[in-house]
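The chain contents come next:
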Amino acid sequence: MAEPIPSPSPRASFQLVIGILVMIAIPAALTLHTARIAPAVDQNARDLTPYGYTISLLLFIVPILAISIWFLPCERVRISRASFWRTIALLFPLGVILDYFFARFFFTFPNLNATSGIRAPAMGGGVPVEEYLFYFTGFVAVLLIYIWLDEYWLAAYSIPIDAARRTDFDRLLRFHPASLILGIVLIGGAILFRNFVAGPPGIPGYFIFLVVGALGPSALLFPSALPVINWRAFGLTFFLILLISLLWEATLALPYGWWGFRDEQMIGIYVTAWSRLPIEEVCVWCAVTYATAIVYETVRRWHCSGKSAAHAFLGRRPSR
């Protein structure tokens, strides 16, 4: 049986809360400090945020360092490094594919002054290197926050690593038709809306990519992940990441031109009050959090079972 995590003292809990506030406040303050003039005051202000995009990555990097170096060790929470890094290895390529193959179709980067100036490889002329760091640190931050909540804050709702619900299964690769149907409905609805309501006619490529990236893993793994996901930890992770990302985009990224979107590849629904933020950007980190929890818990079940990959995922026992 896994050893229960001792309850922290009131003093330790208070210090932990202060640590969380500092973890969020410092990178937020540094990021906001790059903006000296509001776009509403000076339309050229978007060019006056030197290294803004680069510095804003601290919104992910500082929580990553705080959780991995301080919070988890201090709380004596042990995580499976193999499960963690294999999850990142499976998910980060989605961000690489998005930037390398589709950035030229979906995104614009009008304010190069907000980046380090280093161009990373991508079809159509390259993208700021911050783009790849954005997705890598984003996936790592989402996963660490979920693990931290699952293993510590909401550990009472976590499934122990040696529980039968986690280790007893025939195979992990199991088709989930509801995810496929939902994906088809979402993509079909987006295409119809773009062509018959929003106009002009076109294909909402960015939204289609997000649906495939989120519901693709779900269609193959959701039945296996469902019994072991800590849904309370997932829900809190979901809302924290969504809140951070929306404040990031609406307050800084779009108004100051750190990145933008090509209207011809969007559904056509925008949040006007947030510098015409496309609805896809509300969905992107929802998709990331959902896919991360499913992949991580499935990979973790595989490692907890002690089975080979073929045996765990396909039900094939190793030949003698």
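The paragraphs below set out a description of the structure included in this document. (Residues numbered from 1 in each chain as written. Predicted model: local features only at pLDDT ≥ 70, side-chain atom pairs only at ≥ 80, totals over all residues. Heavy atoms only, no water.)

**Quick look at the packing of helix α5 (residues 129–153) against helix α10 (residues 279–305)**
Here comes step 1: Direction vectors running N to C along α5 and α10 enclose 60 degrees, while the axes themselves pass 10 Å from each other. Comparing the axis directions of α5 and α10 gives the class oblique. The two elements α5 and α10 meet at a crossing, and its hand is right-handed. Contacts from F134, G138, F139, V142, L143, Y146, I147, D150 and E151 in α5 reach W285, V288, T289, T292, Y296, E297 and R300 in α10. (Axes fitted to C-alpha atoms, helices over the stretch in contact; angles between N-to-C directions. Helix = DSSP H or I, 4+ residues; strand = E, 2+ residues; numbered from the N terminus. Parallel < 35°, antiparallel > 145°, perpendicular 65-115°, else oblique. Left-handed = near helix turned anticlockwise from the far one by under 90°. Contact = heavy atoms within 4.5 Å.)

**Some points on the state of the cysteines**
Here comes step 1: Within the structure shown, the criterion is met by zero disulfides.
Here comes step 2: Cysteine C283 shares no disulfide, and the gap to the nearest cysteine sulfur, in C286, comes to 6.1 Å.
Here comes step 3: Residue classification places C283 among the partly exposed residues on the basis of a relative accessible area of 25%. (Disulfide = S-S within 2.5 Å. Buried < 20%, exposed > 50% of the residue type's maximum accessible area, 1.4 Å probe, protein only.)

**A few points about the nonpolar core**
Here comes step 1: Ranked by size, the top nonpolar core spans 78 residues in total, and within it F107, F134, Y206, W258 and W259 carry the most contacts.
Here comes step 2: Among the secondary structure elements, those contributing two or more residues to this core are α3 (58–74), α4 (81–106), α5, α8 (205–225), α9 (231–253), α10 and α11 (309–314).
Here comes step 3: If sequence neighbours within four positions are ignored, W259 has contacts with Y53, T108, F109, P110, F134, W248, E249, A253, L254 and E281.
Here comes step 4: Membership of the second largest hydrophobic core comes to seven residues, among which are A190, F207, L215 and I267. (Core = buried A, V, L, I, M, F, W, Y, C linked by side-chain atoms within 4.5 Å.)

**Brief notes about a nonpolar patch on the surface**
Here comes step 1: Together, V17, I18, L21, V22, I26, L30 and W153 make up an exposed nonpolar region whose accessible area comes to about 600 Å².
Here comes step 2: Broken down by element, the nonpolar patch gets its largest block of residues, six residues, from helix α1 (residues 10–33).
Here comes step 3: Along the chain, the position of L30 falls in helix α1.
Here comes step 4: The partly exposed category is assigned to L30, whose relative accessible area is 44%. (Patch = residues over 30% accessible without salt bridge, like charges linked within 9 Å, V, L, I, M, F, W, Y side chains within 5 Å. Areas by Shrake-Rupley, 256 points an atom, 1.4 Å probe, with all protein chains shown as cover. Salt bridge = Lys/Arg side-chain N within 4 Å of Asp/Glu carboxyl O.)

**Overview of the pattern of salt bridges**
Here comes step 1: Per the stated rule, a full pass over the model turns up five salt bridges.
Here comes step 2: Here E297 makes a salt bridge to R300, at a shortest N to O gap of 3.9 Å. Of the two residues, E297 and R300 are both situated in helix α10; the distance of three residues between them amounts to about one turn of the helix.
Here comes step 3: You can call R300 buried: its relative accessible area is 5%.
Here comes step 4: What emerges from the salt-bridge pattern is a single network uniting D150, E151, R166, E297 and R300.

**A word on the packing of aromatic side chains**
Here comes step 1: Applying the stated criterion across every chain, the model contains 30 aromatic pairs.
Here comes step 2: Seen in terms of ring centroids, W148 and W153 are 6.1 Å apart; in terms of plane orientation they differ by 70 degrees. Their pairing is edge-to-face.
Here comes step 3: Looking at W148, the relative accessible area reads 5%, which means it is buried.
Here comes step 4: The exposure class assigned to W153 is partly exposed, which follows from its relative accessible area of 36%. (Phe/Tyr/Trp six-rings, centres within 6.5 Å; stacked < 30°, edge-to-face > 60°.)

**A closer look at unusual backbone geometry**
Here comes step 1: For the bond running from G199 to P200, omega is -10 degrees, close enough to zero to count as cis.
Here comes step 2: As for its placement among the helices and strands, P200 is situated in the loop between α7 (177–198) and α8.
Here comes step 3: Even without being glycine, R276 reaches a positive phi, approximately 60 degrees.
Here comes step 4: Mapped onto the elements of the fold, R276 is located in the loop between β5 (270–271) and β6 (277–278).

**Side note on the environment of G125**
Here comes step 1: In this structure, G125 sits in the loop between β2 (119–120) and β3 (127–128).
Here comes step 2: G125 sits in the exposed class, given a relative accessible area of 59%.
Here comes step 3: Note: C-alpha distance between G125 and R104 (21 residues apart in sequence) is 8.1 Å.

**Comments concerning the environment of V197**
Here comes step 1: Inspection of the secondary structure assignment puts V197 in helix α7.
Here comes step 2: We classify V197 as exposed; its relative accessible area is 57%.
Here comes step 3: With 70 residues separating them along the chain, V197 and I267 place their C-alpha atoms 9.7 Å apart.

**Focus: the environment of I184**
Here comes step 1: Residue placement: I184 occurs in helix α7.
Here comes step 2: Through-space distance from the C-alpha of I184 to that of L242 is 24 Å; in sequence the pair is 58 residues apart.

**Some remarks on the packing of α4 against α10**
Here comes step 1: One can describe the packing of α4 onto α10 by two numbers: an axis separation of 9 Å at closest approach and a directional angle of 135 degrees. Put simply, α4 runs oblique to α10. Every pair of crossing elements has a handedness; the one defined by α4 and α10 is right-handed. Mapping the contact onto sequence places A82, S83, F84, R86, T87, L90 and L91 in α4 and A291, T292, V295, Y296, V299, R300, W302 and H303 in α10.

**Here we look at the side chain of T292**
Here comes step 1: Counting through the fold element by element, T292 comes out in helix α10.
Here comes step 2: With sequence-adjacent residues up to four places away left out, T292 is seen in contact with T87, L91, F139, V142 and L143.

None of this, on its own, says anything about what the molecule does.
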